[in-house]
Every structure is written in C-alpha cells, then in structure tokens.
Amino acid sequence: YAKDQKLAYWVIRQRNELNKLCKAYDESRSQFPEDEEVTEVEGILYSSSGLVTVPDVGSLFPTKRMSLDRIKRLVSIGFEWSGQIYEKRWNDMYERICRYKREHGHCHVPRQYAKDQKLASWVQLQRYE
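Residues numbered from 1 in each chain as written. Predicted model: local features only at pLDDT ≥ 70, side-chain atom pairs only at ≥ 80, totals over all residues. Heavy atoms only, no water.

**Q** Help me understand the overall build of the protein chain, please; the structure alone is not making it clear to me.
**A** In terms of helices and strands, the protein chain carries four helices and four strands. Its helices and strands taken in sequence order, the protein chain reads α-β-β-β-β-α-α-α from the N to the C terminus. Scored against the burial criterion, the 129 residues of the protein chain give a buried share of 29%. Considering only residue pairs separated by 6 or more positions, the protein chain has 38% of its internal contacts joining residues 24 or more positions apart. (Helix = DSSP H or I, 4+ residues; strand = E, 2+ residues; numbered from the N terminus. Buried < 20%, exposed > 50% of the residue type's maximum accessible area, 1.4 Å probe, protein only. Contact = heavy atoms within 4.5 Å.)

**Q** Help me out: how do you make sense of helix α4 (residues 117-128) in this one?
**A** Each α-helix winds once per 3.6 residues, and so residues spaced three or four apart point in a common direction. In this model, α4 (twelve residues) spans 17 Å end to end at C-alpha, consistent with the 16 Å of a helix rising 1.5 Å per residue. Of all the residues in α4, the buried ones are L119, A120, W122 and V123. The buried side chains of α4 occupy one side of the element, clustering within an arc of 165 degrees when seen end-on. Seen from the open side of α4, the exposed residues pointing more than 90 degrees away from its buried face are K118 and Y128. (Expected span 1.5 Å × (residues − 1). Arc of directions from axis to C-beta.)

**Q** Whenever I open this one, the pattern of salt bridges confuses me. Can you help?
**A** Two side chains with opposite charge may pair up if their charged atoms get near one another. Under the criterion given, the structure shown has three salt bridges. Across the pair R73 and D69 runs a salt bridge, and its minimum N-O distance is 3.6 Å. One end of the pair is R73 and the other is D69, both in helix α2 (residues 68-76) and four residues apart, which spans about a single turn. Residue classification places D69 among the partly exposed residues on the basis of a relative accessible area of 45%. (Salt bridge = Lys/Arg side-chain N within 4 Å of Asp/Glu carboxyl O.)

**Q** Whenever I open this one, the side chain of D116 confuses me. Can you help?
**A** Here D116 is to be found in the loop between α3 (82-104) and α4. Within the structure, D116 has its side chain in polar contact with the side chain of R96 (distance 2.6 Å). (Polar contact = N/O pair within 3.5 Å; in protein donor to acceptor, adjacent residues only side chain to side chain.)

See the structure below:
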C-alpha cells in the first residue's frame, strides 16, 4: 500500500502472526482429546485446552501478542486474513481467464500479454503450481 507503508507493514504483521498461531494449532492438533469441553459465545468456540475457533479465521491458541480481543476487534471491522484475500484475488483472476477464453476461444495466454500482464503472470503461476 504505497500511500501508507507503516499501515501496510502492520497489516502484514497481523496476518503473519495469525498464520503462525493457526500453524501452531495445526501442528499440535493431534494432541487434544476428542471429548474436550467446548463452549460457544457470540459464534466463537472456546475449548477447555485454550483453543479458540473464530469464524472466518480458524482455530488457534491466542497469545499476548495476538490476543483473542485483538482478533475479535480485527474481525469486527471486516479485516481480511490472508486466505480470504488470496481467494478473492484468485476468483477475480479466474473471471479474467474466463473472459479471455470467451474472446479468444482458448486459455493459452501469452507470457508477454500486453493487454493484461497480470493475467499472463497468473496463468503461468497456475501452471507452475
């Protein structure tokens, strides 16, 4: 975000911190008993082990740096976590490739497609992945 680099870096840090928490949960998930006590308050699930599941965010163990209060505050203003952003971008690019196919009859976008270089790069990335 060129207009406010501090804000851009702050947003990236928030997303990275949350991703670390979700990853830590994923790596240790097998350690929790299935009969764990779970309660729900305002759509957020709380387990007896301290695990929290927030809609549109995932399951994680809040920390001092990324507390549940901070997560809830960001969610309340519609903060987009990385997965949501990438999904929206992917869907936008998918619509562009569909338009390209309607116009050209194929999806073979040239690597140096001057009319839409972002589309050309995205197509290459999809083929690579």
